[in-house]
Every structure is written in structure tokens, then in C-alpha cells.
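# Analysis of the macromolecular model
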Amino acid sequence: MMLRRDRAIVAAALVLLTVLAWGYVLWLAADMDMGGMDMSEFRMIPAGLGIMAPAHAAWRPIEFAFVFAMWSVMMVGMMTPSAAPMILMYARAGRQAAVAGTPLASTAWFVAGYFLAWTGFSLIATFVQWALERAALLDARMASASDTLGAIVLIAAGAYQWSALKNVCLAQCQTPLLFLMRHGGFRRGAPGSLRLGLHHGTYCVGCCWVLMALLFVGGVMNVLWIALLALLVLLEKLFPFGRWVARAAGAALVAAAAWLLFVGTA
């Protein structure tokens, strides 16, 4: 009975978290949709407030903060569904192991640790976006303005899908119970749960970071592109054939790079 209650509470919290994150992403995307307006001299700041800046103006701290928030919330929306089995498993292990204490609070700390890893990734992604914009390699919609850059990212992502590191990280993400058994099981205190969540989140970042770099190819605020990448991550992690999905996606990404280089520029 307690297990079912815990599962329902955690699942509802994860659904709410996902809905709120996607709502924020959709709000930003709608704000940045200028209906065909010529934005060649400006860039949109992802604040949901219609804020624009001259295309070649230096970033101000507030713009850096908005871009960092955009990446952080977007990662929550994209990664929560695929992380749900691990989080639910941790809550279950907590209820079974905790004679006393608050296993749901420990689960919350585990989730915080998991997204701390993705927050670190988001900070790096923000610096990368800043560097690409300074080099005039992104357009007003935060997509690659260079076929060469786009092809390089596609090839890198495609090759990584076949790499040994990808396989190691994906295996940790696909088997929540084995992950817990290998890393000491449920942690009762906040520090231990936070560290374990960070550990799992690091594997998750290792599995998916190059896929997230594809946002610079299709557009950081391209909702369809975001949804397709989130679906790919979900298929890789939640299904037994996920490794083959990853490899098939890798081959498709390399083929897309070849098309971009030899057909798209023709």
C-alpha cells in the first residue's frame, strides 16, 4: 500500500515537472516566433518577454542568465521522462529499506542531484552558445548558420552513438536496479542521495550530451527538433533494443551530414 502511494506521488510529481518545463519551452518558442520578420540585424533573447538585442552586441549578464535558464529548464523537460524509471526505482528502494525516516525526501534529493549534472551541462552549453554567436555561427533562431558547422556536429554525434563510452553510459541508464546494486543501493541521508543522483546524472549526460549539441543544428528553440531528440533519448533508454536505436540514429546522423555537405550546398 505504501509502495503504491509513493509511486503515485513520485509519478505525479515527475509529470508535473515535465509539463511545467515543456510549458516554459513552448512559451519561449512562441515568443521567439517572429512570423517571418527579418531578424538578420537582431537576436531574440529567450526570456518570453519579446526582448531583442542587436545581432553583434555583446551579451549582458541578464542575457547569459536567460539563456542558462532556457537550457536548464529544457533539459528538465527533455530528460525527466527517460529518467523516470530510475527515480521510481529509487523511491521503491527507499520505501523498502527505510524502517524510519523519509524515503520520499531522499528521492527528492536524488532528483536534485540528477538535475545538478544537467545544470552543469546547461552552463557549458550556454558558454558554447555565447561563443558560437560571437563567431557569427548561429542565426537569429539559434540554429547553425554554417553548413560546415552543422555537418561537423552531425558527424560527431553520429560517431559518438557507436562509441564505447556511449555504450557504457547507456548501460547504466537502461538498468536502474543494477545501477543501484552496483553503487550501494538506497541512501538514507540527503548528502548520499544527492551524490548518487549526481552520479547517475553524470552517466546520463555522458550518454546524451552530443545529442543535445544537435540543438545547435536544428535550432535551440525548434520545438519539433527538441521533441524528436527527447523521443530518441526515451527510445534509447527505456527499451531493450535501445542500443540498436542509438546505432541506427548514429548512421542516420552521418548520412544527414553527408547530405548537408554534398547536396544541401549544391
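Above this text is the structure in question.
Right, let's walk through the structure included here. (Residues numbered from 1 in each chain as written. Predicted model: local features only at pLDDT ≥ 70, side-chain atom pairs only at ≥ 80, totals over all residues. Heavy atoms only, no water.)

## Some words on the pattern of salt bridges
What counts here: Any Lys or Arg side-chain nitrogen found within 4 Å of a carboxyl oxygen on Asp or Glu counts as a salt bridge. For helices the rule is a DSSP run of H or I covering at least 4 residues; for strands it is a run of E covering at least 2, with both sets numbered from the N terminus onward.
A complete count under the given rule lists one salt bridge for this structure. Residue K166 pairs with E236 through a salt bridge whose shortest N-O separation is 2.8 Å. In this pair, K166 is assigned in helix α5 (residues 164–174) and E236 in helix α9 (residues 223–238), connecting sequence segments 70 residues apart.

## Thoughts on the side chain of H183
What counts is decided by this rule: For the purposes of these results, a polar contact is taken to be a pair of N or O atoms within 3.5 Å, where, inside protein, one atom must be able to donate a hydrogen and its partner to accept one; residues adjacent in sequence count only when each atom of the pair is a side-chain atom. Contacts: residue pairs with any heavy atoms within 4.5 Å of one another.
Summarising the element assignment, H183 is placed in the loop between α6 (176–182) and α7 (190–213). A polar contact of 2.8 Å, which involves the side chain of H183, links it to the backbone oxygen of F179. Apart from residues no more than four positions distant in its own chain, H183 is found in contact with Q172, L196, H199 and Y203.

## Topic: the packing of α5 against α7
The description of two helices packed together rests on the angle between their axes and the distance between the axes. As a reminder, the rule being used: Axes here mean lines fitted to C-alpha atoms, for a helix over just the part in contact, with angles spanning 0 to 180 degrees between N-to-C directions. What sets the label is the angle itself: under 35 degrees gives roughly parallel, over 145 gives roughly antiparallel, 65 to 115 gives roughly perpendicular, and the rest give oblique. Crossing handedness: left-handed means the near helix sits turned counterclockwise from the far one by under a right angle, and right-handed means the same turn made clockwise. Ten residue types, Ala, Val, Leu, Ile, Met, Phe, Trp, Tyr, Cys and Pro, are classed as nonpolar, four, Asp, Glu, Lys and Arg, as charged, and the remainder, Gly among them, as polar.
Packing of α5 against α7 leaves a shortest axis separation of 8 Å and a crossing angle of 130°. Taken together, α5 and α7 sit at an angle that is classed as oblique. When you trace α5 past α7, the crossing you get is left-handed. The residues of α7 that touch α5, namely those facing K166, C169, L170, Q172 and C173, are H200, Y203, C204, G206, C207 and L211. Classifying every residue of the contact of α5 with α7 gives seven nonpolar, three polar and one charged.

## Here's the deal with the packing of aromatic side chains
Stated precisely, the cut-off is as follows: What counts as a ring pair is set by centres within 6.5 Å for rings of Phe, Tyr and Trp (its six-membered ring), and what kind of pair is set by the plane angle: stacked under 30 degrees, edge-to-face over 60, tilted for all other angles. The rule is simple: take the accessible area with a 1.4 Å probe, protein chains only, and divide by the maximum for that residue type; under 20% is buried, over 50% is exposed, in between is partly exposed.
A full pass over the atoms with the stated rule returns 12 aromatic pairs. Centroid distance Y90 to F186: 5.0 Å. Interplanar angle 45°. Geometry classified as tilted. One end of the pair, Y90, is in helix α2 (residues 61–97); the other, F186, is in the loop between α6 and α7, and 96 residues separate them in sequence. In this structure Y90 comes out as buried when scored by relative accessible area, which is 0%. On the basis of relative accessibility, which here comes to 14%, the residue F186 falls in the buried class. Between Y114 and F115, the aromatic rings sit 5.0 Å apart at their centres with planes inclined by 85°, giving edge-to-face as the arrangement.

## Section: the nonpolar core
Considering soluble globular proteins, one finds that nonpolar side chains tend to be buried as a cluster. Note the threshold: Residues grouped as a nonpolar core are buried Ala, Val, Leu, Ile, Met, Phe, Trp, Tyr and Cys residues, joined through side-chain atoms within 4.5 Å.
Core analysis: the largest hydrophobic core is formed by 73 residues, its most contacted members being W71, M74, M78, W118 and M221. The greatest single-element share of this core, amounting to 16 residues, is contributed by α2. Apart from the residues within four sequence positions on either side, M74 is in contact with V25, L215, V220, M221 and I226.

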